[in-house]
Amino acid sequence: MKRGFFKKVFSVATISFLLFLWLSVFLFFPNLIVKAQGMTSTNYKIISSDINAGGRDDQTSTTYKMQDTIGGIATGISESALYKLMAGYRTLDDLSISFSISDLAIGFGDFSSTDVRWTTSNEAGATSQPANQNPTYITIATNAPNGAIVSARSQGDGTGIEGNGSAGIYKSSSPTKLIAATACTTVTNGTESYALYVKNIGSNLTADSGFNGGTCSGIISTIGQTILTASVPLSTNNTADIALKAAIASTTAAGSYADVIILTATGRF
Amino acid sequence: MKMNKKFFKFSSVVLALVLIAGLTGKFVFAATLTTIYDRLSDVQSDVASGVNHYIVFTPATAHSGAYNILKLRFLDGDDGKWCRTAGALSATTITEDTSTGLPGTLSATCTQGLGASSYDTIFVCSSGASNNWSATKYGVEILGSTGILGTTTAANNIAISVTTGTHASACGEPSTNIDSGSFALSILSDATVGVSATVDPIITFSISDLAIGFGTFSATTERFATADATGSTSAAPNGGPTVITITTNAPNGAIVSARSKGSGTGVEGNGSAGLYKSSSPTKLIAAAASSAVVTGTEGYGLYVKNVANTTGTLTIDAGFDDNASADLAISTTNQTIAAATAVVNATADVALNAAIASTTAAGSYADVVTLTGTGKF
């Protein structure tokens, strides 16, 4: 009995000593520790540090993929077409961002005089600013911890590739004509002008100062510019109207004009 | 005790293996990138080229390799979508979102995935002098060059894996990984808003004075019409005898035409152009080129002068510029006296000169000059 008891005590002491030696490796040889392998996949993100050893993230076949880590118990991601296991790390399977635009075709209608006009969702245009959620509005939702950015640019007389051409609303039939993009403050009766701004902004979004409201000073470009930002994750109060107003001169060439506003949303993770 | 010896031996082997693993760099200590995003120039699906990436990230750990590397790995199923053509990309610093331009000499490249467990990947590298990274928010813009960047099919929550690391001699897969992280993208089937407008055709045309005159020919001296209809022996000053104003947004410009009623009814082409005495016996001082009208010879000419362009360019027709070269006589059929090739807002004086011979029949003469303004839409 006594011998058995001492045997057990000795075994526990031995195991404890070995564990101490194991941990001492990290304590006394910190340079042996190498920073994380890219243990992320399309569906999770490591949000905390983890001391571990070994493991691979490249064990795959046509029907099976395994990312594991030695030192935990069956940690990492194991998945196939039929199952997925996320174990060990504190993982997030919820990197999310969604973005939508309510109306993809808006218009000023007919400029039958040189008065300022606004775009409307029915493309008929109006001589006053349209109501909320008109002419089009964006909705963005994301769990990005640092919020989001919404950017806009104009195709104008360019190809649509960022930076190509000049921003504005463009008559592409010969002879071509560009009503160049301007600040909102420049849009006045009888003066060729074309401006984008945001209005009716959800409380979690902030308009960039250059594009805030109908007196904006920013000028849309063929290069993406920030028009809205958020500094927190967005699940509510995350819509904003994208508005456009313009005016022509008496000598602005008659004809059909068009522009393409290219909108992007980016989560700041 | 026998059992403990075995266990001790086993544990010693395990410990030795752990030490070896540590020495060969297999220990893992994850450090997570913070504030990471990739703002795309297009979030439209299946864009084939021209997609720019504005990447902002904050390393958790210092990087001091010959090459410090940021690696973006896209989804396994997106092979050839993000990296449309593999090869070198252009990398430049940006400072958006209060970031600091990525230090060092920048380079970038993309590689295409092929099949399962092979991924489209973008590598962004900083090398050369002062290329060390600290825990600073960095910004870098990646544009297509030899390598061409595109987008994938439409989806929300497209998670991108990010790894940073170093390499001793090349830009590419890090030989030592340091930090990791991930972010997500949203790609839309259509991320563009079409904006339309129609500018209606506009044209205005006016004539300042509808009754002008030569006054009395008391001699055979050449006379000029004036606005007050008393006439003058010298050309009417600018703004006289009558001024046309034409404003149009016709994209192809405008035409100003004139014709004379002369001895006709006023219907275009009827009768002969000139200054006409309709009382019996009738008499027509026939139209002539304005530059051909000289004292003592019957003649009646129309010409245009003093063009003032506010927008565009109204040009006097060569036949009516009174320069004695290819000048024309007005007709009962419309002739272009001035024209513009694009939108125009201009004024011009329409002038008349005439002379009589000593035998020109006495009496009252008149003509009606019909002017038209036409936009070329």
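What counts as what
- Residues numbered from 1 in each chain as written.
- Chains lettered and ligands numbered in written order.
- Predicted model: local features only at pLDDT ≥ 70, side-chain atom pairs only at ≥ 80, totals over all residues.
- Helix = DSSP H or I, 4+ residues; strand = E, 2+ residues; numbered from the N terminus.
- Buried ≥ 20, exposed ≤ 12 C-beta atoms within 10 Å, placed from the backbone.
- Contact = placed C-beta atoms within 7 Å.
- Rg over C-alpha atoms; globule rule 2.2 N^0.38 Å.
- Domains from an automatic or database assignment.
- Pairing = 2+ DSSP bridges.

**Student:** Got a sec to walk through the overall build of chain A? Specific residues and values, please.
**Tutor:** Helix and strand content of chain A: one helix and 18 strands. Out of the 269 residues in chain A, the part that is buried amounts to 45%. In chain A, once contacts between residues fewer than 6 apart in sequence are set aside, the share between residues at least 24 apart is 61%.

**Student:** For the overall build of chain B, give the residues involved together with the corresponding values.
**Tutor:** The secondary structure content of chain B amounts to one helix and 25 strands. Computed over the C-alpha atoms, the radius of gyration of chain B is 43 Å, more than 25% above the 21 Å expected from 2.2 N^0.38 for a compact globule of 377 residues. Based on the C-alpha atoms only, the size of chain B along its principal axes is roughly 155 × 40 × 30 Å. Buried positions account for 47% of the 377 residues belonging to chain B. Restricting to contacts in chain B with at least 6 residues of sequence separation, those with at least 24 account for 72%.

**Student:** Requested: an account of the domain arrangement of chain B, with residues and values cited.
**Tutor:** With domains assigned, chain B is organised as domain 1 (29-187) and domain 2 (203-375). The C-alpha-based centres of domain 1 of chain B and domain 2 of chain B are spaced at 73 Å.

**Student:** I'd love a proper account of the pairing of strand β4 (residues 67-73) of chain B, names of residues and values included.
**Tutor:** Residues and elements named next belong to chain B. Burial analysis of β4 places seven of its seven residues in the buried class, which makes it a mostly covered element. Because side chains alternate across β4, one face comprises the buried residues Tyr67, Ile69, Lys71 and Arg73, and the other comprises Asn68, Leu70 and Leu72, equally buried. Where β4 meets strand β9 (residues 121-127), seven bridges bridge the pair, whose relative direction is antiparallel. Bridge pairing in β9 links leucine 70 to valine 124. Alignment of β4 against strand β12 (residues 155-167), held across seven bridges, turns out to be antiparallel.

**Student:** Describe the pairing of strand β17 (residues 239-247) of chain A, with residues and values.
**Tutor:** Residue and element names in this part refer to chain A. With nine of nine residues buried, β17 lies mostly within the body of the structure. A two-sided burial pattern is seen for β17, the buried positions comprising Thr239, Asp241, Ala243, Lys245 and Ala247 on one face and Ala240, Ile242, Leu244 and Ala246 on the other. Both strand β9 (residues 117-118) and β17 contribute to a ladder of two bridges, which runs antiparallel. Across the sheet, residue tryptophan 118 finds its bridge partner in β17, namely lysine 245. Where strand β10 (residues 136-142) lies against β17, four bridges are found, and the strand directions are antiparallel. Following the sheet pairing, threonine 139 is matched in β17 by threonine 239. Note that strand β14 (residues 193-199) and β17 share seven bridges and pair antiparallel.

**Student:** Break down unusual backbone geometry for me, with residues and values.
**Tutor:** Residue and element names in this part refer to chain B. Here the residue pair glycine 240 and proline 241 is connected by a cis peptide bond, since its omega of -5° sits within 30 degrees of zero. Relative to the elements of secondary structure, proline 241 occurs in the loop between β16 (223-224) and β17 (242-248). In the segment running from serine 280 into proline 281, the intervening peptide bond is cis, with an omega of -10°. With respect to the element layout, proline 281 can be found in the loop between β19 (274-277) and β20 (283-286). Phi at threonine 98 is positive, roughly 55°, even though this residue is not glycine. Under the C-beta neighbour-count criterion, threonine 98 is labelled exposed, with 9 such atoms within 10 Å.

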